[in-house]
Amino acid sequence: QVEQVKLLDRFSTSNKSLTGTLYLTATHLLFIDSSQRETWILHHHIAAVEKLPLTTSGCPLVIQCKNFRIVHFVVPRERDCHDIYNSLLQLSRTAKYEELYAFSYNPKQNESEQVKGWQLIDLAEEYKRMGVPNAYWQLSDANRDYKICETYPRELYVPRTASKPIIVGSSKFRSKGRFPVLSYYHKNKEAAICRCSQPLSGFSARCLEDEHMLQAISKANPSNRYMYVMDTRPKLNAMANRAAGKGYENEDNYSNIRFQFVGIENIHVMRSSLQKLLEVSGTRGLSVNDFLSGLENSGWLRHVKAVLDAAVFLAKAIAVESASVLVHCSDGWDRTSQVCSLGALLLDSYYRTIKGFMVLIEKDWISFGHKFSDRCCQLDGDPKEISPVFTQFLESVWNLTEQFPQAFEYNEAFLLQIHEHVHSCQFGNFLGNCQKEREELKLKEKTYSLWPFLLAEQKKYQNPLYNPDFCPELTLLEPNTVSFNFKFWRNMYHQFDRSMHPRQSMFSLIMNTSEQNKQLEEDIKELEAKIKQRNGQSDVVLVKEQEQTAHPAPVALKTSPCFQKEQPPMPVNDAVRTIEGSNTADNRYSELVSEFSKAEPAVVSLEYGVARMTC
Amino acid sequence: MEFAELIKTPRADNVVLHHPFHPPVEGTLCLTGHHLIFSSRRQDNAEELWLLHSNIDSIEKRFSGSLGTITIKCKDLRVIQLDIPGMEECLNIGSSIEALSTLDSVTLMYPFFYRPMFEVLEDGWSSFLLEQEFELLSSVTNEWRLSCINKEFSVCSSYPPVVIVPKSVDDEALRKVAQFRQGGRFPVLSYYHKKNGMAMLRSSQPLTGTNGRRCKEDEKLVNATLRSGRRGFIIDTRPLAVAQQARAKGGGFEQEVHYPQWRRIHKYIERFNILQESFIKLVEACNDQSHNMDRWLSKLEASNWLTHIKELLTAACLAAQCIDREGASVLVHGGEGTDSTLQVTSLAQIILDPRCRTIRGFEALVVREWLQAGHPFQQRCAQSAYSNGKQKWEAPVFLLFLECVWQIHRQFPCSFEFNEHFLILLFEHAYASQFGTFLGNNENERAKLKLPQKTMSLWSWVNRPEELDKFQNPLYEANSLVIWPSVAPQSLQLWEGVFLRWNRSSRFLEEAEEERMNIIKYNKELQAKVNALRRQLAQLETGE
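All figures in this text were calculated on a predicted structure; none of them were measured in a lab.

Peer 1: Mind showing me how you'd approach the overall build of chain A here?
Peer 2: A tally of helices and strands in chain A yields 24 helices and 16 strands. A burial count over chain A gives 59% of its 615 residues as buried. Excluding contacts between residues fewer than 6 apart, the proportion of contacts in chain A whose partners are at least 24 apart in sequence is 71%. Accessible surface computed for chain A: about 24,900 Å², of which carbon and sulfur atoms make up 50%.

Peer 1: Just to check I follow, could you spell out the sheet that holds strand β10 (residues 181-186) of chain A for this structure?
Peer 2: Working definition: the strands of a sheet are paired by backbone hydrogen bonds and lie parallel or antiparallel to each other. Residue and element names in this part refer to chain A. Read from one edge to the other, the open sheet built from five strands follows the order β10-β11-β14-β12-β13, with strand pairing classed as mixed. Two strands lie at the open edges of the sheet, namely β10 and β13 (257-261), each paired on one side alone. Going across the sheet, the axis of each strand differs from the next one's by a mean of 20°, ignoring polarity. Pairing analysis gives five bridges linking strand β12 (residues 227-231) to β13, with the strands arranged parallel. Pairing of D231 across the sheet is with F261, part of β13.

Peer 1: It is not clear to me how the nonpolar core should be interpreted in this structure. Could you clarify?
Peer 2: Generally speaking, a soluble globular protein has its nonpolar side chains buried in company with each other. Within the largest apolar cluster, 234 residues are counted, with the highest numbers of intra-cluster contacts made by F357 of chain A together with F362 and F499 of chain B. The element best represented in this core is helix α10 (residues 300-319) of chain A, accounting for 14 residues. Once you skip the residues sitting within four places of it in the chain, F357 of chain A turns out to touch L345, Y350, Y351, F393, L394, V397, Y410, F414, L415 and I418 of chain A. By size, the runner-up hydrophobic cluster in this structure holds 26 residues, among which are L29, I56, I59 and I93 of chain B.

Peer 1: Quick question: what am I supposed to make of a nonpolar patch on the surface here?
Peer 2: The grouping of F63, M87 and L91 of chain B at the surface amounts to a nonpolar patch, some 250 Å² of accessible area in total. Within the secondary structure, L91 of chain B is located in helix α2 (residues 87-101).

Peer 1: Would you take a moment to explain the packing of aromatic side chains for this structure?
Peer 2: Aromatic ring pairs are described here by two measures, namely the spacing of the ring centres and the angle between the planes. Summed over the entire model, instances satisfying the criterion amount to 60 aromatic pairs over all chains. Ring plane angle 65° and centroid distance 5.4 Å describe the contact between F416 of chain B and F418 of chain B, whose orientation is recorded as edge-to-face. Residue placement shows R69 of chain A over the ring face of F496 of chain A; its charged tip is 4.1 Å from the ring centre. Directly above the ring of Y351 of chain A sits R129 of chain A, whose terminal nitrogen or CZ lies 5.4 Å from the centroid.

Peer 1: Please clarify how the interface of chain A and chain B should be interpreted in this entry.
Peer 2: The accessible area lost on association of the parts is a frequent measure of interface size. Contact with chain A, which involves 81 residues of that partner, is made by 68 residues of chain B. Here chain A meets chain B over a buried area of about 6,800 Å², counting both sides, of which 62% is carbon and sulfur. At the junction of chain A with chain B, the criterion picks out four salt bridges. For K529 of chain B, the salt bridge goes to E528 of chain A, with nearest N and O atoms at 3.6 Å. Between the two partners, chain A and chain B, sit 23 residue pairs in polar contact (both at pLDDT 80 or more). Those elements that place two or more of their residues in the side of chain A that touches chain B are α9 (288-298), α10, α14 (389-403), α20 (506-540), α21 (542-549) and α23 (571-575) of chain A. When residues of the side of chain A that touches chain B are assigned to their parent elements, the largest contribution, 18 residues, is made by α20 of chain A.

Peer 1: Where do I start with the pairing of strand β13 (residues 262-266) of chain B in this structure?
Peer 2: Side-chain direction in a regular strand flips from residue to residue, so the side chains alternate between the two faces of the sheet. Residue and element names in this part refer to chain B. Both strand β12 (residues 232-236) and β13 contribute to a ladder of five bridges, which runs parallel. Paired with F233 across the two strands is R263, which belongs to β13. Tracing the backbone out of β12, into helix α6 (residues 240-248) and back to the parallel element β13 gives a crossover that is right-handed.

Peer 1: Explain the environment of V188 of chain B here, please?
Peer 2: Residue and element names in this part refer to chain B. Note that V188 resides in strand β10 (residues 188-193). Note: C-alpha distance between V188 and I164 (24 residues apart in sequence) is 5.9 Å. Residues within four places of V188 in sequence aside, it is in contact with Y159, V163, I164, V165, M200, L201 and R202.

Peer 1: How do you make sense of the sheet that holds strand β6 (residues 59-65) of chain A when you look at a structure like this?
Peer 2: Residue and element names in this part refer to chain A. Across the sheet, seven strands lie side by side as β4-β3-β2-β1-β7-β6-β5; this open sheet has antiparallel pairing. Each of the sheet's edge strands pairs with one partner strand only, and the pair in question is β4 (38-42) and β5 (46-51). For this sheet, the mean angle separating the axes of adjacent strands, direction not counted, is 30°. Looking at chain direction, β5 and β6 are connected through five bridges and run antiparallel. Each residue of the ladder has a partner; that of I46, found in β6, is C65. Contacting β1 (2-8), β2 (17-24), β3 (28-33), β5, β6 and β7 (70-75), helix α1 (residues 78-92) runs over the sheet at an angle of about 155° to β5.

Peer 1: Where do I start with the domain arrangement of chain A in this structure?
Peer 2: Residues and elements named next belong to chain A. Each assigned domain of chain A is listed with its residue range as follows: domain 1 (2-93) and domain 2 (115-498). Taking only C-alpha atoms into account, the centre of domain 1 sits 36 Å from that of domain 2. Listed per partner, the contact involves 15 residues of domain 1 and 22 residues of domain 2. Approximately 1,600 Å² of surface area, both sides summed, lies buried where domain 1 meets domain 2, with 55% of it carried by carbon and sulfur atoms. Here domain 1 is connected to domain 2 by zero salt bridges. The tally of links from domain 1 across to domain 2 stands at four residue pairs in polar contact (both at pLDDT 80 or more). Its residues assigned to classes, the side of domain 1 that touches domain 2 shows three nonpolar, six polar and six charged.

Peer 1: So what exactly am I meant to see when it comes to the side chain of N485 of chain A here?
Peer 2: Following the sequence through the fold, N485 of chain A ends up in the loop between α18 (450-456) and α19 (490-493). On the basis of relative accessible area, N485 of chain A is assigned to the buried category, the value being 9%. The residues touching N485 of chain A, leaving out its near neighbours within four places in the chain, are N399, Q403 and N480 of chain A together with R504 of chain B.

Peer 1: Looking at this structure, I do not really get the UniProt feature "active site" (unreviewed entry) in chain A. What am I missing?
Peer 2: Residue and element names in this part refer to chain A. Feature annotation in UniProt assigns "active site" (unreviewed entry) to the following positions: C329. As for its position among the elements, C329 is in the loop between β14 (325-328) and α11 (335-347). Apart from residues lying up to four places away in sequence, C329 is in contact with C196, S197, Q198, D231, T232, R233, D334, R335 and T336.

Peer 1: I tried to follow α9 of chain A on my own but got confused; where do I start?
Peer 2: Residue pairs three or four apart in sequence face the same way in an α-helix, which turns once every 3.6 residues. Judged by how many residues are buried, α9 of chain A sits mostly within the fold: nine of eleven residues are covered. V288, N289, F291, L292, S293, G294, L295, E296 and S298 of chain A are the residues of α9 of chain A that are buried. Next to the buried residues of α9 of chain A lie α8 (267-281) and α10 of chain A together with α8 (293-303) and α9 (305-324) of chain B. G299 of chain A, located one to two residues past α9 of chain A, shows a positive phi value of around 75°.

Peer 1: Just to check I follow, could you spell out the confidence of the model for chain B for this structure?
Peer 2: Atomic detail in the predicted coordinates should be set aside for any region of low pLDDT. When pLDDT is averaged along chain B, the result is 92; 98% of the residues meet or exceed 70. Both scores are given for the predicted complex: the pTM is 0.90, the ipTM 0.93.

Peer 1: How should the packing of α14 of chain A against helix α15 (residues 412-424) of chain A be read in this particular structure?
Peer 2: Geometry of a packed helix pair, given as the angle between the helix axes and the separation of the axes. All names here are of chain A. Between α14 and α15, the shortest axis-to-axis distance is 10 Å and the interhelical angle comes to 175°. As summarised for this structure, α14 and α15 are arranged roughly antiparallel, according to the angle between their axes. Mapping the contact onto sequence places F390, T391, L394, V397 and W398 in α14 and E412, L415, I418, H419, V422 and H423 in α15. Class assignment for the residues of the contact of α14 with α15 results in seven nonpolar, three polar and one charged.

Peer 1: Just checking my understanding: could you explain the pattern of salt bridges for this structure?
Peer 2: Side chains that differ in charge, positive against negative, can pair when their charged atoms come close. Residue and element names in this part refer to chain A. Scanning all chains against the criterion turns up 57 salt bridges over all chains. Here R129 and D348 are joined by a salt bridge, their closest N and O atoms 2.9 Å apart. Within this pair, whereas R129 is found in helix α4 (residues 123-130), its partner D348 is found in the loop between α11 and α12 (354-367), the two being separated by 219 residues in sequence. Judged by its relative accessible area of 23%, R129 falls in the partly exposed class. For D348, a relative accessible area of 2% gives the class buried. Two residues, K363 and D364, come together in a salt bridge whose shortest N-O distance is 2.9 Å. Residue K363 is classed as buried on the basis of its relative accessible area of 0%. Residues joined by salt bridges that share partners form a network here, namely D334, K371, D374, R375 and E385.

The rules behind each value
Residues numbered from 1 in each chain as written. Chains lettered and ligands numbered in written order. Predicted model: local features only at pLDDT ≥ 70, side-chain atom pairs only at ≥ 80, totals over all residues. Heavy atoms only, no water. Helix = DSSP H or I, 4+ residues; strand = E, 2+ residues; numbered from the N terminus. Buried < 20%, exposed > 50% of the residue type's maximum accessible area, 1.4 Å probe, protein only. Contact = heavy atoms within 4.5 Å. Areas by Shrake-Rupley, 256 points an atom, 1.4 Å probe, with all protein chains shown as cover. Pairing = 2+ DSSP bridges. Axes fitted to C-alpha atoms, helices over the stretch in contact; angles between N-to-C directions. Core = buried A, V, L, I, M, F, W, Y, C linked by side-chain atoms within 4.5 Å. Patch = residues over 30% accessible without salt bridge, like charges linked within 9 Å, V, L, I, M, F, W, Y side chains within 5 Å. Salt bridge = Lys/Arg side-chain N within 4 Å of Asp/Glu carboxyl O. Phe/Tyr/Trp six-rings, centres within 6.5 Å; stacked < 30°, edge-to-face > 60°. Lys NZ or Arg CZ within 6 Å of the ring centre and 35° of its normal. Buried area = accessible area lost by both parts, 1.4 Å probe. Polar contact = N/O pair within 3.5 Å; in protein donor to acceptor, adjacent residues only side chain to side chain. Right-handed = clockwise from strand over helix to strand, strands pointing away. Domains from an automatic or database assignment. Nonpolar A, V, L, I, M, F, W, Y, C, P; charged D, E, K, R; others polar. UniProt positions renumbered as here; feature names shortened; annotations may be inferred. pLDDT = per-residue confidence, 0-100. Parallel < 35°, antiparallel > 145°, perpendicular 65-115°, else oblique.

Set out below in structure tokens:
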């Protein structure tokens, strides 16, 4: 505990600050300012802590979080600062999984609730929903004991014609044994999205089993003779891999394949791209042109566009040409996960529902071994393994929700919340790098699943504009990927910089109104029933009626809680109060935070930086 | 009729029209004095296009064999294409359109010929008189007076006949001040902040020249707006260097020695020709869909458009801040005081004055701060973003103002009574219209052209209930507070409703917007129903 600590505003040019007390707990860093407002930061969210040179007012400490929050403290005494710094370094770097928050987090669920929570998302059920197993596809037990591929799940779907020797042979010809398996099956087109890692082809190597495997996939699709093989890497990278005995499919060796590079950059490029973006967007007093050129130089939006373009290519191959597609990159757990999951999202409206999106993440990301632990740096490890691949996936989905505001059951808050928990290590879902590791950690016994918690509060994540009929089942969502359609995701990268967000949020207004409408509908039903009852009563039981009128308060007025608050004739107008920012000299329009939350009487919604009094 | 001479070929058949979001359609093209009319002549669903010649910004002709193609670029940024069979017909039509869309004489413009098909409930020409504005002002303060010094436009040709000035300054003094300010634009009241009695004045630059001329009456006039012992702020929309250079040409700025109670701040807002260039570049960037991400972003950056937006918003916020936060009076001017000055004063009012965020209040603002204040609409809006680089006086000064309002609107979506369509409507009508409102460069010219007698006012049309309905923002709730927008680059956005309007389908966005409105509407219905039911129940209960 350190007192008299100052919290500086990140974008303030005037060193305006809040003074308060800093606490370190076992799991969180907590700052309570003089007006008793609390800022909680989970240790696992801390990406970097930096001690800046001593100033006259104290020792500055900058904490960067994985959810893009950046806090800037000034600690009066250097020794305290040094202590906090060291503690945070230790607390934010975990060496063992068992020390992660998820293992100590106790949400007061009993054991059966915990088990049920983990059963909420059932992938076998999901494959059944897609229509497999069927005449062409079957469940393979080849990897039941993780013998063929450690980073794949136990249960894999492959073409019926792919025998065990073919599977084994093919897996030996693929990086990390990640042989081609089913990721998504489109029942109307009978076409499949399959995924794998790169072939170990080098300059000339061949593998007959692998060739048979691809043929089997191709033949499992009765409606089209050819299939696509999408290498999601830039051609140059793929060619360079040949020198290391890896590479890509030679069209001459595989019959009826159409090979295609789509040019998504690797994890290292993505990491530095996001880093550049954050550097620019975090600059104080940023000019428009510096922002735009920084956005351009970072390449971030170019990468997001490349990912989405690849997904569109994939989805079109299936929906328009009825062709099956095999997707791979190098190891088949980063770009491949992005493209397969986004492709499926464009093809199947189920993944645009709240539950469906959970299933999609469980399937293409968690079960197929996207290395969440390495990519999100859950344990202290190789910084070169960190990469915002999943963030980029969420951003691609966000872009789609912006283009099709009525196609998704979930809203932006849902995406942000998932992002939050991918890094929080509070739930077991994203811990570890693959299913085998998760089983060894006994996550299902020792930790809780995130999904039931999100479902329990799904009201917060529902898109009030959602129209289930927007896009009938299995019709393709066709986004326009013209450059100007891609925007900087302010609510992700500046989620905690409230001064940058609209002061009145249309989103929360619509959310609240839509919520209120449901309540009002209930009220109307209730009132109508009462009136009906009244009318009935007045005819039949007169005595009772008289009895009731003698009561001082009419029954109806006591009924619904919503009701009592809505006594004024036009409650909507009173219900939503707009707020005002304030500022001082020379246009520091980012100074608003403190004043405006202080003046605010009621609910403050942090995500959107807008406070409103709700009814 | 002289138009007949210009129309060499009044009609062409088998013309194919390509316009945004529609498949090509074949039909007949007709030219009239003011319109280009296309009709597909299909019985079932006659597809028609009526385009005002004055909306045409530029045309290009191309030939392949005997098929001619005319590409028409409109001032509202739409691009359409006509395939016309027959070389001669195409040439004739092309040159006719060119001639008709670049008529020199204002009196030949469509507003002088337009006969309204609607009943005029209220004559828009007299909807917003400064006298009414003054009446409102008099109810809260008696420090100001209405001066008719400019009745004959003799003191300042770009000012309206009446202006509001400090009571303590008489007309004689005003005459002297007018000679000290460029174009005779002496400081007048632009806005009075009721909350603290502070005033915003606007003028043109003082004619100090190289020898530091001064004008006691000018000093007295501006000082009359100050509370004793308080300072005021002069916001000069030019950088210091430019203001200094202006002295060589007889212009200049207020010297500290002569205006000791005033602090001068230079807040640079670009001049009109730079803005026009920026406008052209932005539209070019938006119209090319083949740009990859890097090229798009660098073109967007190179246009500088959003930089201008940010600068303008910042200057307006500064003015508003001086008035509301510092409790100081403000004088705004640039050089002539007809462009950047008006942008700043009108935007500051959007921020400060809740009345300006209503439909009628916004109309009054446009009339007061733009039309009556002498923004040269005819010069600035003669050409839009497709003008071929030979700019003279054109500049999107008014469009920039509208976009800034839109940016604030986005940040405060519940604080404006009007919606985005209203702003787009004003943009369109400023550039091409059947109404006389935006014709002429100032009130003097409008009076000479007898516009109020000879043309219809845009406000007469807009302010009828059936039109107003389209421009209502259902989220609106009167918000009496000052609204401070964020000017961080991350908070600013491209105005897609104008710049991407013809480049990508916004069907899904519009449907979503409609759904939002439905939710709000439904809410109101439910509220009403609940209230009715409650009354009914209460009656039942007490009625026994």
